Amino acid sequence: MTYTVGIDVGTTFTAAATHRDGRTEVVTLGDRGDVIPSVAYLRDDNVLLIGHAAERRAVFDATRVARGFKRRIGDHVPIVLGDRPFRAETLTAAIVRWVVELVSTREGAPPSRIALTFPASWGDHRCDRVRSAAAEAGVDEPELLSEPVAAAVHYASRHDLPVGATVGIYDLGGGTFDATIIRREGDGFTLVGRPQGDDHLGGVDLDALVWDHVVGVVGQEALEPEDGGSRPYLRALAQVRAAVVDAKEALSYDTQAVVPVTLPGLMAEVRITRREFEEMAGPALLRTVEVLGHTCRAAGVDPSELHAVLLVGGSSRIPLIAQLIGHELGARVAADAHPKSATCLGAARGATPRHRASGTATAMAGMAAVAGVASRTPGTDDPAPADIEAATGRPGGGTGTATAESSAAPTTARKTDAGTQRPTPRGTIDGHGAGAVGAAAAAGAAATELGQPAARPGPSDRDAGAVAAAAATGSAATELRRPTGRPGPGDRHPGAAAAGAPTGAAATKSGRPAAGAGPGGRGVGAGEEADA
């Protein structure tokens, strides 16, 4: 029986789903959940590890790990792992191939069609590079769907979305934020206006806020061993970092969380409440809502007239986001039960022959028009250097084979929608925090410090002027502090990333860490799992 696969290679996590006979299911990729980290690690024997296996190895050697390489697609500067250069497309291909092989093994046959997603702000060149990565992974002629369109396809498959309805896509993933306006027209979706967002704001920045809270309680000296850290220490520190992420995610469902800190010579528990987290994250989250509002108005759409704002990306589960959207924009919020998976679920549905031909949910002709790549063929320029062996291959291929070094769960998991969330009445935000967040925005407290200015267009073909205008409308001040050596999303500093993250040697002075980074290629230590 034929089936299709949708793969969403995110900046920090990768998710996949299958579609057959009208049923769409999330694929369990990881050994601890549905998604795997978008991480690659090159072993000494030139075997490229993917996902959780890569993260485990990265704890002890950050010079051989790559993270956030999705945003480097289309960049000719290689990413160096050990002493070997790789293109971002080659690392992306390794993940795609690993996912396709895993799904094919479980299903007993390869998929009939494969759909890959990409940010709506990407131009033709970067979309061609995605096709190049697919070809390198052995996937010929994949369907390409923009991420917001895929999310809208998933939403339309489960909810009544009439022709002419306009929806906003609020996508806060592990490393980036994107705001897009989409209108359903006939058998497809049309992009309205230009996507906007921030390529350097995501779940990892929110993780850093919780980390700073932990550092403030236990003291920086307790997290800085004089010898640079033994292997047991590095392993324990990675567990603390993972606990920080767990605590942040737990605050989406509970009013408080505890971060256990168990290190050589130190045992402690650090408590953090949702209110404390919202006070730290509120200014940055408010700025994302302001960008969404600006995206609506630039497209000639009043936010209150949107059919719904779809929350996509793992970090979008933070309750304050839905409250701010309702409070600031007066828009209705539609929250999926599993926002990490909405994009891959829509991609799997969008790859079906029925939808490619005439399906009301997708209409691939309309999708291609949105993507802006309808008539383009797979790119053949910028081939991998002849001396770079793609360290990927089929299972059992020996040296150079991409592997996860662990067996994933033997079954797939089916996820379903939750309902919608109504906006909070204007003037109330969960009973607290509204005044502080609103006052901070109104006062224009200070510039947001995210390592890169909000107006920086980056490599995603964004409209820098529009983003800058959105940021200048009264964006609240926030300093998303990172410990020294802990890069933000995208592994922006090769040197500090290589040394600082696994050792946690964060010289946080006067409550502020050393500055962030430029466009590096190296990865960071493990334990920094974030939302995709």
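Remember, predicted model here, so these are calculated numbers, not experimental data.

## Here we look at the overall build of the protein chain
So, point 1. A tally of regular secondary structure across the protein chain gives 14 helices and 19 strands.
So, point 2. For the protein chain, the proportion of its 532 residues judged to be buried stands at 61%.
So, point 3. Considering only intrachain contacts with a sequence separation of at least 6, the fraction spanning at least 24 residues in the protein chain is 74%.
So, point 4. When the accessible surface of the protein chain is totalled, it reaches about 19000 Å², and 51% of it is carbon and sulfur.

## Some words on the confidence of the model for the protein chain
So, point 1. Across the protein chain, pLDDT averages 74, with 65% of residues at or above 70.
So, point 2. Taken together, the stretch residues 354-401 has pLDDT below 50 and engages in 113 contacts with residues farther than four places along the chain or on a different chain.
So, point 3. The low-confidence segment residues 406-532 (pLDDT under 50) makes 348 contacts with residues lying over four places distant or belonging to another chain.

## Quick word on the sheet that holds strand β6 (residues 48-50)
So, point 1. The three strands lie next to each other as β6-β5-β7, forming an open sheet whose pairing is antiparallel. This sheet does not close on itself; its edge strands, each paired only once, are β6 and β7 (65-67). Here the average twist between neighbouring strands, direction ignored, is 20°.
So, point 2. Direction of pairing for strand β5 (residues 39-42) relative to β6: antiparallel, over a ladder of three bridges. Its bridge partner lying in β6, alanine 40 is registered against isoleucine 50.
So, point 3. The strands touched by helix α2 (residues 88-107) within the sheet are β5, β6 and β7, with β6 carrying the most contacts at an inclination of about 60°.

## Digging into the pattern of salt bridges
So, point 1. For the structure shown, the criterion picks out 16 salt bridges.
So, point 2. Aspartate 207 is paired through a salt bridge with lysine 248; the nearest N and O atoms lie 2.9 Å apart. A residue pair is termed long-range when its members are at least 10 positions apart, and aspartate 207 in helix α5 (residues 203-218) and lysine 248 in helix α6 (residues 231-250) qualify at 41 residues.
So, point 3. Residue class for aspartate 207 comes out buried when judged on its relative accessible area of 2%.
So, point 4. A residue is classified by how much of its surface remains accessible, and lysine 248, at 2% relative accessible area, is buried.

What counts as what
- Residues numbered from 1 in each chain as written.
- Predicted model: local features only at pLDDT ≥ 70, side-chain atom pairs only at ≥ 80, totals over all residues.
- Heavy atoms only, no water.
- Helix = DSSP H or I, 4+ residues; strand = E, 2+ residues; numbered from the N terminus.
- Buried < 20%, exposed > 50% of the residue type's maximum accessible area, 1.4 Å probe, protein only.
- Contact = heavy atoms within 4.5 Å.
- Areas by Shrake-Rupley, 256 points an atom, 1.4 Å probe, with all protein chains shown as cover.
- pLDDT = per-residue confidence, 0-100.
- Pairing = 2+ DSSP bridges.
- Axes fitted to C-alpha atoms, helices over the stretch in contact; angles between N-to-C directions.
- Salt bridge = Lys/Arg side-chain N within 4 Å of Asp/Glu carboxyl O.

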